[in-house]
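Close look at the chain arrangement
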Amino acid sequence: MNKFLSFLIVAVLFQLPARAQTAQSLPPERISSMQEFADAKFGIFIHWGLYSMFGQGEWYMTNQDIDCHEYAKAANAFYPHAFDAAKWVKAIKGSGARYVTFTSRHHEGFSMWDTRQSDYNIMHTPYGRDVLRQLSDECQRQGLRLHLYYSHLDWTREDYPLGRTGLGTKRKHASKKGDWASYYAFMNRQLTELLTQYGPIGCIWFDGWWDHDEDSIPFDWQLDEQYALIHRLQPACLVGNNHHQTPFQGEDIQIFERDVPGENKAGLSGQSISRLPLETCQTMNGMWGYKVVDQDYKSACELVRLLVRTSGKGANLLLNIGPQPDGQFPDTALSRLESLGHWLGLYGESIYATTAGGVGDGETVVSTRKGSCLYLHLLSDSLTSIDLSLPKKPRKVRPLVGNFSLSSSWRNGVLHLDFAIPHDTWDAVIVIEE
Ligand code: GLC
C-alpha cells in the first residue's frame, strides 16, 4: 500500500485526543505496531515474582505491612524447578492469544531478569537463571509478541519517594521526598536493559502512577523523558500506563483495569475513552499474582463472553495468569487456555482484526465488524429474535459456525432475524454481509 494512503488510514483509525500525541509525529514502525496491537484482540498477562512464593497475591507485602528485609529472604529460596518457557509459550499460543505481557518488576521491587542495577533479582536466587531471557528467546522462536509490565512504584527501595502504598514495609530511610533523581535514573537504566537486551518488545506497560495521586503537590514522574527514551531505543515499542486516566502525551494505547471500556463496575474506569487502541486487563480468578486460596475461576463460557464483549468495544482482552511458585501455570488456567483456543479456532474470524460493531446492548447482543461483514454475537440461548436498523439490505445472513435455524426478513430499513440457538451455546454468531 502506498505510504501516504496507509498514513491516512491510520490517522483516521486512531484519531487521537487533544492531550495525546498527533498521528503526524508517529514513526511508521509505531503506526504499524498500533495496528498490529489493535488487530490482536487477545493477550495473556503473567504476574510472576517473589510474591508468588507466599501464595497470597502480589499485594501481600504492603497489605500485611511486612518488613521488606524479611520478605526479601524469599529470594534465598526461589527455585521454580518446573519453569519451562517453551511450555508457557506453547500454551499461550494454543489459546489463540497474540501476545504475552510479563511482569518484569512488580511493586515488591524484585526484578525477574539479570539486571545490573540491583542485586534484588532472579540471578541472586538458588535458581540463578534469567527467566525473562528464556521467555523472550521462546517468544521469538514460537512467534509470540512480548510485552513487559514495569512498576513505577517500589515498596522496597529506599530512594523511591513514598506515595500512598507500601508505608508499612519498614524501610530505614525512606521518605516522602526520597531520592527521586537516583530512583528515576535507576528505572531508566533498567528500561534501557529491557529494551536493548531482550529483542523486540511490543509494549512497556507501566503501573503504579496512582501511588502519588493523592499528593498535595502534584508529583512529577517525568514521563515525557521516559517515554521518549523507550521510543528512541525501540521506535516500534508501544507505551501504555495503567494510571486509570485518559492517556497522556506519548502513550500509544489506553488501558482499562477490570472493566471493558465505557463500563465502571470495578471502580477504576471513569476516564473517557480515547481513540488510541484499547486494552482491558482482567483476572481469570480473583487475584493477579498466585493466591493459594483463590480457586474462583471464571468458567470457559464466561471468559469467551468477556473476550467477545471486549472485542465488541473495539478493545483487546489481556487475561491474567498467576503462575505457581514452582513456575507452572495452574491446571485450571491451562484448561481455560485450551478452551479459549478451541473456541477461537472456530470463531476467530469474528474477533481478530475486527473493530467495534456498533450494534447491540453490549451485554447479550454484541457486534464486531470486519470489511463488509457485521458479526452479531448472541450471548444468551434464550434469545429467539432481534430487529436491527441497518443502512441497507444485507446481501446475505448466515450463522458463522454450525447450522442453527435462522430466518431473516427486510422491511423499511429493519432486518428482522428469527433463530433457535442450541442450548448451552456460549456465543451464537450471525454473519451479516453488507
Ligand atoms: C493494579 C495492581 C497490580 C496489578 C495491576 C494489573 O494496578 O496494583 O497489582 O498488577 O493492577 O492490572
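Before reading on, note that the structure itself is shown above.
Attention in this report is confined to the structure presented alongside it. In this text the structure is predicted, and so the values were computed from the model without any measurement. Positions within a chain are numbered from 1, following the residues in the order the chain's sequence is written. Per-residue local features of the predicted model are confined to residues with pLDDT of at least 70, and side-chain atom pairs are confined, for both listing and counting, to 80 or more; whole-chain, interface and lining totals are unaffected and use all residues. Hydrogen atoms and water are omitted, and side-chain values are computed over all heavy atoms in the structure.

What about the sheet that holds strand 10 (residues 365-370)?
In this scheme, strands are said to pair when DSSP sees at least two bridges between them. Secondary structure elements follow DSSP: runs of H or I of four or more residues count as helices, runs of E of two or more count as strands, with numbering from the N terminus. Sheet architecture is open: five strands sit in the order 9-10-11-16-13, paired in antiparallel fashion. Because the sheet does not close on itself, it has two edges, and the strands there are strand 9 (355-356) and strand 13 (396-399). Examined bridge by bridge, strand 9 and strand 10 share two bridges and lie antiparallel to one another. Within strand 10, the residue paired with T355 across the bridge is R369.

Focus: the pairing of strand 4 (residues 203-207)
Across the five residues that make up strand 4, a large majority, five, are buried. Burial classification: accessible surface area is computed with a 1.4 Å probe over protein chains only, and a residue below 20% of its type maximum counts as buried, one above 50% as exposed, and the rest as partly exposed. Going residue by residue along strand 4, you find C203, W205 and D207 tucked away on one face and I204 and F206 tucked away on the opposite face as well. With five bridges joining them, strand 3 (residues 145-151) and strand 4 adopt parallel strand pairing. Within the sheet, the bridge partner assigned to Y150 lies in strand 4 and is F206. With helix 8 (residues 180-197) bridging strand 3 and its parallel neighbour strand 4, the resulting β-α-β unit is right-handed. Relative to strand 5 (residues 238-241), strand 4 runs parallel, the two being bridged by four bridges. The residue of strand 5 that forms the bridge with C203 is L238. Tracing the backbone out of strand 4, into helix 9 (residues 223-233) and back to the parallel element strand 5 gives a crossover that is right-handed. Seen with the strands pointing away from the viewer, any crossover whose path from the first strand over the helix to the second strand runs clockwise is right-handed.

Some thoughts on helix 2 (residues 28-40)
Expected span of a helix: the number of residues minus one, times 1.5 Å. With 13 residues, helix 2 ought to run about 18 Å at 1.5 Å a step, and its terminal C-alpha atoms sit 18 Å apart, in line with that. Looking only at helix 2, the buried set comprises R30, I31, S33, M34, F37, A38 and A40. Following helix 2 by one or two positions, K41 has its phi on the positive side, about 65°.

Some remarks on the nonpolar core
Judged by nonpolar contacts, the single largest core of 87 residues is most densely connected at F102 and I204. When residues of this core are assigned to their parent elements, the largest contribution, eight residues, is made by helix 8. Counting the residues that make up this core, at least three belong to each of domain 1 (3-16 + 357-433) and domain 2 (28-354). When sequence neighbours within four positions are dropped, the list of residues in contact with F102 reads I46, W48, W88, M112, V131, L132, L135, L146, H147, L148 and Y149. The term nonpolar core refers to a set of buried residues drawn from Ala, Val, Leu, Ile, Met, Phe, Trp, Tyr and Cys, joined through side-chain atoms within 4.5 Å. Among the nonpolar cores identified, the runner-up in size contains 17 residues, and I31, I253, I255 and L318 belong to it. These domain limits were set by an automatic method or by a database of domain assignments. Any two residues whose heavy atoms approach within 4.5 Å are treated as being in contact.

Description of the packing of helix 6 (residues 85-94) against helix 11 (residues 331-347)
How two helices sit against one another is set out by the angle between their axes and by the gap between those axes. For helices, the fitted axis covers only the stretch in contact; all axes are lines through C-alpha atoms, and the angles between them, taken along N-to-C directions, range from 0 to 180 degrees. Closest axis-to-axis distance for the helix 6/helix 11 pair is 7 Å, and the angle between their directions is 40°. Regarding the angle of helix 6 to helix 11, the classification is oblique. Only L334, L337 and G341 of helix 11 make contact with helix 6, whose side of the interface consists of A91, I92 and G94. Amino acids are sorted into nonpolar (Ala, Val, Leu, Ile, Met, Phe, Trp, Tyr, Cys and Pro), charged (Asp, Glu, Lys and Arg) and polar (every other residue, Gly among them). Of the residues belonging to the contact of helix 6 with helix 11, the class tally is four nonpolar, two polar and no charged. Each angle is binned into one of four classes, with values under 35 degrees roughly parallel, values over 145 roughly antiparallel, values of 65 to 115 roughly perpendicular, and all other values oblique.

A closer look at helix 6
A85, W88, V89, A91 and I92 are the residues of helix 6 that are buried. For helix 6, the buried positions fall inside an angular range of 165° around the axis, keeping them on one side. What points out from helix 6, more than 90 degrees from its buried face, is the exposed set K87 and K90. In this structure, the buried side of helix 6 is in contact with strand 1 (42-46), strand 2 (99-105), helix 7 (131-142) and helix 11. Polar contact criterion, stated in full: a pair of N or O atoms within 3.5 Å, where within protein one must be able to donate a hydrogen and the other to accept it, and residues adjacent in sequence count only if both atoms are side-chain atoms. At the N-terminal boundary of helix 6, the capping side chain belongs to D84, with an oxygen 3.0 Å from the backbone nitrogen of A86. Of the residues flanking the end of helix 6, it is G96, one or two places downstream, whose phi is positive at about 90°. Relevant arc is that of directions from the helix axis to the C-beta atoms, nothing else.

So, the packing of aromatic side chains
Centres within 6.5 Å are what make two rings of Phe, Tyr or Trp a pair, Trp counting through its six-membered ring; a difference in plane orientation under 30 degrees is then read as stacked, over 60 as edge-to-face, and the rest as tilted. Applying the stated rule across the entire model yields 30 aromatic pairs. With a centroid separation of 5.7 Å and an interplanar angle of 70°, the aromatic rings of F45 and W288 are classed as edge-to-face. Taken together, the residues span a long stretch of sequence, with F45 in strand 1 and W288 in the loop between strand 7 (278-283) and helix 10 (300-312) at a distance of 243 residues. Summarising the burial analysis for this pair, F45 and W288 share the class buried. Ring plane angle 25° and centroid distance 4.8 Å describe the contact between W88 and F329, whose orientation is recorded as stacked. Highlighted residues: W88 in helix 6 and F329 in the loop between strand 8 (315-321) and helix 11, separated in sequence by 241 residues.

Don't take any of this as a statement about function, it's just geometry.
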